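Structure assessment
Listed below, chain by chain, are the residues.
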Amino acid sequence: MAMPGQLMFARRLGPTARLAIWLLIGLSCVIVDVRYHALDGLRSGFSLLLQPVREAVRAPVNVAVELTGFFTRHRLLQKERDALLVERAQLMLDVDRAAELARENAELRALLQLRTRPGQKVVHAALLYQGHDWFAQHLTLDVGSGAGLRVGLPVIDADGLAGQVTRVYPGSSEVTLVSSANQLTPVFVERTGQRGLAAGSGHGQMELRYMPSHTDLRPGDRLLTSGIDRVYPAGIPVATISRVSRSQSSPYLRVDCLPLAGLDRSRGVLVLIAEPQVTKP
Amino acid sequence: MTPSTPTAGNWRRILGSLALAVLLEQLPWSGWALAVRPDFVLVVMLFWALHQPARISFAAAFFLGLLADFQDGAVFGQHAVAYVIGVYMVLYLRLRLLQFDPFRQAAQMAPILLGVQLVVLLIGWLAVNPPTGLDILIPALSSIVLWYLIALFVRLWHGKGAQDRA
């Protein structure tokens, strides 16, 4: 590849040697990151670099969405408002009942000297960016360690459990979705109280694992977090069962579930901040 | 530095197009648009590796790959290794690629872009989880289309017409 103006016998490494060097560096990066988690500083650096860009890029997109949606949404909003007023009236009744129950619950807990449930403080976060990783599904949120976030906190939206905070940067954080492959969530079936383990299977779906074939499960059953892991507060809706099938080769049922949270729709989520609990022997 | 053609690619143009590609990836993509999103950074980077190999080559590919890894929340090095291999393949086939008109060039780029995606798949497979499907190969197809459009645009821009004159 000698070109005019370039030395024909220039003393520099050939492309193959340079490829080998960079491959070596790249593979050692992979190993250092996967085995020793030693590159979190680099991640924080990138997040500081890209966070303002993401915020800035989001603004015109939001404006465009607002403008296109403005006219079509007016009628919709009126309808929605009417529906919400009706719903509000019903909810007010429930709120009264819930307040009554909470008071009663507090008294009973005081009697039993139990801890209060974790997950009392809530941080609202807007969804910044959806990651494009095929091996684990992530969301990026616009709050980070500044707002008190830690690795491991549960993240919910209006409909249910969305996932768990897995990486925290100064001004942003990454959430691994419940539908991400091999993300485990301890759940129980609302109708029967049967406890189990829901795992993400990628593709925005989940499966309920290790259910013996005589278990009473039906399509439509809701799964709620069981709370025995001390990570998720109990009783958050996670998924509904969409299909139950038996297989000849396995002693367990194959249970497909659909997550309830709008994993690819919701734009705002809540992060539940629980005080770290120390278990006493 | 070799001024191969007087108009093509000064630093400002290279960095501007790369910055634009990074910005495009920062948009809040979601749903099917995210699934078919071409890898803007990869295409632009390979384009400059083809036309200005003295300026954009392995080091730039590695850094942009790390950026892509951060972007997707993937393992550090996954895209970096894949991009470096992509640059190597482009440099290897460079003289051949430069002979073709945009459509045939895009067809020649297809195995390279597919190879890059496969390397990403392989490293993710070994380092994190087995893949859940072959969705990972869709961006390779859209990247090929993007390559064709860019090559066509550049050719029209330089006033050479859409068809190869040879």
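Residues numbered from 1 in each chain as written. Chains lettered and ligands numbered in written order. Predicted model: local features only at pLDDT ≥ 70, side-chain atom pairs only at ≥ 80, totals over all residues.

Topic: the overall build of chain B
Regarding its fold elements, chain B presents eight helices and zero strands. In terms of C-alpha radius of gyration, chain B reaches 16 Å, essentially the compact-globule figure of 15 Å for 166 residues. Taken over the C-alpha atoms alone, chain B extends approximately 50 × 30 × 30 Å along its principal axes. The long-range fraction of contacts in chain B, counting pairs at least 24 apart against all pairs at least 6 apart in sequence, stands at 62%. (Helix = DSSP H or I, 4+ residues; strand = E, 2+ residues; numbered from the N terminus. Rg over C-alpha atoms; globule rule 2.2 N^0.38 Å. Contact = placed C-beta atoms within 7 Å.)

Describing the domain arrangement of chain A
Residues and elements named next belong to chain A. Domains assigned within chain A are domain 1 (15-114) and domain 2 (118-276). Centre-to-centre separation of domain 1 and domain 2, based on C-alpha positions: 13 Å. Listed by partner, the interface residues are seven residues for domain 1 and seven residues for domain 2. (Domains from an automatic or database assignment.)

Side note on the environment of S180(A)
Residues and elements named next belong to chain A. Among the secondary structure elements, S180 is positioned in the loop between β5 (173-177) and β6 (184-189). Since 27 C-beta atoms lie within 10 Å of it, S180 is described here as buried. Between the C-alpha atoms of S180 and Q205, which are 25 residues apart in sequence, the distance is 8.2 Å. When residues no more than four places from it in sequence are discounted, the contact partners of S180 are A136, Q137 and G200. (Buried ≥ 20, exposed ≤ 12 C-beta atoms within 10 Å, placed from the backbone.)

Digging into the sheet that holds β6(A)
Residues and elements named next belong to chain A. Spatially, six strands are ordered β6-β7-β8-β11-β10-β9 in a closed barrel, and the strand pairing comes out antiparallel. Across the sheet, the axes of successive neighbouring strands diverge by a mean angle of 40°, strand direction being ignored. Sheet analysis places strand β7 (residues 195-200) next to strand β8 (residues 206-209), joined by four bridges and oriented antiparallel. For L197, the partnering residue across the bridge sits in β8 and is R209. (Pairing = 2+ DSSP bridges. Axes fitted to C-alpha atoms, helices over the stretch in contact; angles between N-to-C directions.)

Examining the pairing of strand β1 (residues 121-130) of chain A
Residues and elements named next belong to chain A. Of the strand pairs in this sheet, β1 and strand β12 (residues 268-273) are connected by six bridges, and their pairing is antiparallel. Paired with V123 across the bridge in β12 is V271. Two elements, β1 and strand β2 (residues 138-141), share three bridges in a ladder whose sense is antiparallel. Paired with Y129 across the strands is T140, a residue of β2.

Some thoughts on the nonpolar core
Counting 58 residues, the largest nonpolar core has M45(B), L46(B), A49(B), Y83(B), V84(B), V87(B) and V90(B) as its most contacted members. Of all elements in the fold, only α1 (15-36) of chain A together with α1 (11-26), α3 (40-51), α4 (58-72), α5 (78-92), α7 (102-127) and α8 (138-157) of chain B reach the threshold of two or more residues within this core. When residues of this core are sorted by domain, at least three fall in each of domain 1 (15-114) and domain 2 (118-276) of chain A. Non-local contacts of V87(B), meaning those with residues more than four positions away in its chain, are made with L46(B), A49(B), S57(B), F58(B) and A61(B). If you look at the next biggest cluster of nonpolar residues, it comprises 40 residues, including L149(A), V155(A), I156(A) and A162(A). (Core = buried A, V, L, I, M, F, W, Y, C linked by C-beta atoms within 7 Å.)

Describing the interface of chain B and chain A
Each partner contributes residues to the interface: chain B has 37 residues there, and chain A has 41 residues. Among the elements of the structure, α1, α2 (31-36), α4, α5 and α7 of chain B are those that each provide at least two residues to the side of chain B that touches chain A. Tallied by class, the residues present in the side of chain B that touches chain A amount to 22 nonpolar, 12 polar and three charged. (Nonpolar A, V, L, I, M, F, W, Y, C, P; charged D, E, K, R; others polar.)

Some details on the pairing of β8(A)
The side chains of a regular strand alternate between the sheet's two faces. Residues and elements named next belong to chain A. Across the two faces of β8 the burial differs, with M206 and L208 buried and E207 and R209 not buried at all. Here β8 runs beside strand β11 (residues 253-259); their pairing, made up of three bridges, is antiparallel. Within β11, the residue paired with E207 across the bridge is D256.

Some thoughts on α4(B)
Turn by turn, an α-helix covers 3.6 residues, leaving residues three or four places apart pointing in a common direction. Residues and elements named next belong to chain B. The end-to-end C-alpha distance of α4, which contains 15 residues, comes to 21 Å, matching closely the 21 Å that a straight helix rising 1.5 Å per residue would cover. In terms of burial, α4 is largely enclosed, as 11 of its 15 residues are buried. Those residues of α4 not exposed but buried are F58, A61, F62, L64, G65, L66, A68, D69, F70, Q71 and D72. One or two residues past the end of α4 sits G73, with phi positive at roughly 65°. (Expected span 1.5 Å × (residues − 1).)

Re the sheet that holds strand β4 (residues 161-168) of chain A
Residues and elements named next belong to chain A. The antiparallel closed barrel is built from six strands, whose spatial order is β1-β2-β5-β4-β3-β12. When the angles between neighbouring strand axes are averaged without regard to direction, this sheet yields 45°. Relative to β5, β4 runs antiparallel, the two being bridged by five bridges. Opposite R167, over in β5, you have E174 as the bridge partner.

A few points about the packing of α5(B) against α7(B)
Residues and elements named next belong to chain B. Where α5 contacts α7, the axes come no closer than 9 Å and their chain directions differ by 150°. One element, α5, and the other, α7, form an angle in the roughly antiparallel class. For the pair α5 and α7, the sense of crossing is right-handed. Note on element contacts: α7 touches α5 through I112, G115, V116, V119, V120, I123, G124 and A127, opposite Q78, H79, V81, A82, Y83, I85, G86, M89 and V90. Its residues placed into classes, the contact of α5 with α7 shows 12 nonpolar, five polar and no charged. (Parallel < 35°, antiparallel > 145°, perpendicular 65-115°, else oblique. Left-handed = near helix turned anticlockwise from the far one by under 90°.)

Quick notes on the environment of Y210(A)
All names here are of chain A. Positionally, Y210 belongs in the loop between β8 and β9 (222-225). The spatial distance from the C-alpha of Y210 to the C-alpha of S250 is 9.8 Å, given a sequence separation of 40 residues. Filtering out sequence-adjacent residues up to four positions away, Y210 remains in contact with G196, L197 and Y252.

Details of the packing of α1(B) against α3(B)
All names here are of chain B. α3 packs onto α1 with a crossing angle of 165° between their chain directions and a minimal axis gap of 8 Å. The orientation of α1 relative to α3 falls into the category roughly antiparallel. Here the hand of the crossing between α1 and α3 comes out right-handed. On α3, the residues touching I14, S17, L18, A21, V22, L24 and E25 of α1 are F40, V41, V44, M45 and W48. Its residues placed into classes, the contact of α1 with α3 shows 10 nonpolar, one polar and one charged.

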